[in-house]
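Residue strings, one per chain:
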Amino acid sequence: MIVEICANSLQSAINAEKAGADRLELCSELGVGGITPSYGLLKSIKRVITIPVHVLIRPRSGDFTYSEYDFEIMKEDIQKCAEMGFEGIVSGVLLEDLTLDQQRTEELVALSEEMTFTFHRAFDWVKDPRLTFRQLQDMGVDYVLSSGQQNTAIEGLQILKELLQLAKSCKPMPGGGINATNAQTFLESNFDAIHLSGTQFHRTLSAVPKVSMNSAAFLKEDQLAISSIERVEKVIKIVK
């Protein structure tokens, strides 16, 4: 069984490789489901890590329905990953009604060329997982990362097993809440790969900062925070 570790930093990647992971999904900001890592992190990973690395292509947090600006950024990032020699891409696009955006996802798969393509956990939002899995398989996707449309892969095991029965060229990869207490279940269920972060928090400060830099108000999955022309103009008129 392939053990894929979702690494959110160079240190996480180094630790995962030392622990015996088979490959990495590289991203940043696990707290929002992951976004595309920085160019500096990508360069460092290529210099230090020897196991295969699949790069998450997600330009922002929130939903998986992207503007033209977002989509152009995604395509540029995939091209850069190809140039740098990464082994895989993790991405995907949905429509506003939470069905698969076949046209745009096909474009990303084609752009990934020789790299492995994983459709990420946007899959857990789609209305018809079985139909969507078939569509992804038909367009040449290699893996579908999913928790079986539940909060954890253990809770979604039934749907994951159904996807496994549909699998030919595309493989469902359970992810979400997998750890040492339940990994055996997925091995016994004949999955080819599992996905986990294996993270543990380490205290970095001796005291809690007075002012928090985290803002729950920005953590919305059905809305995007975008700078408003009107609000910016009002301030500029006052101070200029």
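Coordinates for the structure precede this section.
Being a predicted model, the structure only gives us computed values, none of them experimental.

J.: Help me understand the nonpolar core, please; the structure alone is not making it clear to me.
T.: The nonpolar side chains of a soluble globular protein tend to be buried with one another. Within the largest apolar cluster, 52 residues are counted, with the highest numbers of intra-cluster contacts made by Leu24, Phe119 and Val141. With sequence-adjacent residues up to four places away left out, Leu24 is seen in contact with Glu4, Ile5, Ala7, Ala13, Ala16, Ile49, Ile51, Pro52, Val53 and His54.

J.: Please explain the environment of Gly156 as it appears in this structure.
T.: With respect to the helices and strands, Gly156 occurs in the loop between β6 (143-146) and α6 (157-166). Gly156 gets classed as buried once you look at its relative accessible area, which sits at 2%. Along the primary structure Gly156 and Ala13 are separated by 143 residues, whereas in three dimensions their C-alpha atoms are 27 Å apart.

J.: Would you mind going over the pairing of strand β4 (residues 88-91) with me for this structure?
T.: Alternating positions in β4 separate into two faces, Gly88 and Val90 on one and Ile89 and Ser91 on the other, with burial throughout. Summarising the sheet, strand β3 (residues 53-56) and β4 pair through three bridges and their orientation is parallel. Paired with Val55 across the two strands is Ile89, which belongs to β4. Handedness of the crossover joining β3 and β4 through helix α3 (residues 68-84) is recorded here as right-handed. The parallel pair β4 and strand β5 (residues 116-119), bridged by helix α4 (residues 102-112), forms a crossover whose chirality is right-handed.

J.: Can you help me understand the pattern of salt bridges in this one?
T.: Pairs can form between side chains of opposite charge once their charged atoms are near each other. Scanning the model with the defined rule gives eleven salt bridges in all. Between Arg60 and Asp70 there is a salt bridge, and its shortest N-O distance comes to 3.2 Å. Pair noted here: Arg60 is in the loop between β3 and α3 and Asp70 is in helix α3, with a separation of ten residues, a long-range link. With relative accessibility at 14%, the residue Arg60 sits in the buried group. The exposure class assigned to Asp70 is buried, which follows from its relative accessible area of 14%. When the shortest N-O distance is used, the salt bridge between Arg130 and Glu162 registers 2.6 Å.

J.: Can you help me understand helix α2 (residues 39-48) in this one?
T.: What sets the pattern is the α-helix's 3.6 residues per turn: residues three or four places apart point alike. Listed in full, the buried residues belonging to α2 are Leu41, Leu42, Ser44 and Ile45. Down the axis, α2 shows its buried residues gathered within 165 degrees of arc, on one side only. Contacts made by the buried residues of α2 are with α1 (10-19), β2 (23-26), β3 and α3.

J.: Hey, could you run me through the environment of Ile35 in this one?
T.: Tracing the backbone shows Ile35 in the loop between β2 and α2. As a C-alpha pair, Ile35 and Val55 span 20 residues in sequence and 9.6 Å in three-dimensional space. If near-sequence neighbours (up to four positions away) are discounted, Ile35 is found in contact with Cys27, Ser28, Glu29, Leu56, Arg58, Arg60 and Ser61.

J.: How should the packing of aromatic side chains be read in this particular structure?
T.: Geometry of an aromatic ring pair is reported as the spacing of the ring centres plus the angle between the planes. The full count for this structure, using the stated rule, is two aromatic pairs. Taking the centre distance of 5.0 Å and the plane angle of 70 degrees together, the rings of Phe64 and Trp125 count as edge-to-face. Taken as a pair, Phe64 in the loop between β3 and α3 and Trp125 in the loop between β5 and α5 (129-138) lie far apart in primary sequence, 61 residues in all. Under the relative-accessibility criterion, Phe64 is labelled buried at 10%. Over the ring of Tyr143 we find Arg23, and its NZ or CZ is 4.4 Å from the ring centre. The cationic tip of Arg104 hangs over the ring face of Phe71; the distance from NZ or CZ to the ring centre is 4.5 Å.

Rules behind the numbers
The residue count restarts for each chain, going from 1 along the sequence in the order it is written. Only residues with pLDDT of at least 70 get local features here, since the model is predicted, and only at 80 or more are side-chain atom pairs given and counted; chain-wide, interface and lining totals rely on the full set of residues. Computation of side-chain values covers all heavy atoms of the structure but excludes hydrogens and water. We define a nonpolar core as any set of buried Ala, Val, Leu, Ile, Met, Phe, Trp, Tyr and Cys residues linked to one another through side-chain atoms lying within 4.5 Å. Burial classes: relative accessible area under 20% of the type maximum marks a residue as buried, over 50% as exposed, and values in between as partly exposed (1.4 Å probe, protein chains only). In this analysis, two residues are considered to be in contact whenever any of their non-hydrogen atoms come within 4.5 Å of each other. By definition, any uninterrupted DSSP run of H or I lasting at least four residues is a helix, any uninterrupted run of E lasting at least two residues is a strand, and each is numbered from the N terminus. A pair of strands counts as paired when DSSP detects no fewer than two bridges linking them. Whether a crossover is right-handed comes down to one check: with the strands pointing away from the viewer, does the path from the first strand over the helix to the second run clockwise; if it does, it is right-handed. The term salt bridge refers to a pairing of a side-chain nitrogen on Lys or Arg with a carboxyl oxygen on Asp or Glu at a separation within 4 Å. Picture the helix axis, draw a direction to every C-beta atom, and the arc is the one those directions span. When two rings of Phe, Tyr or Trp (its six-membered ring) have centres within 6.5 Å they constitute a pair, described as stacked for plane angles under 30 degrees, edge-to-face for angles over 60, and tilted for the intermediate range. Note on geometry: a ring has a charge over it if NZ (lysine) or CZ (arginine) is within 6 Å of the ring centre and within 35 degrees of the ring normal.

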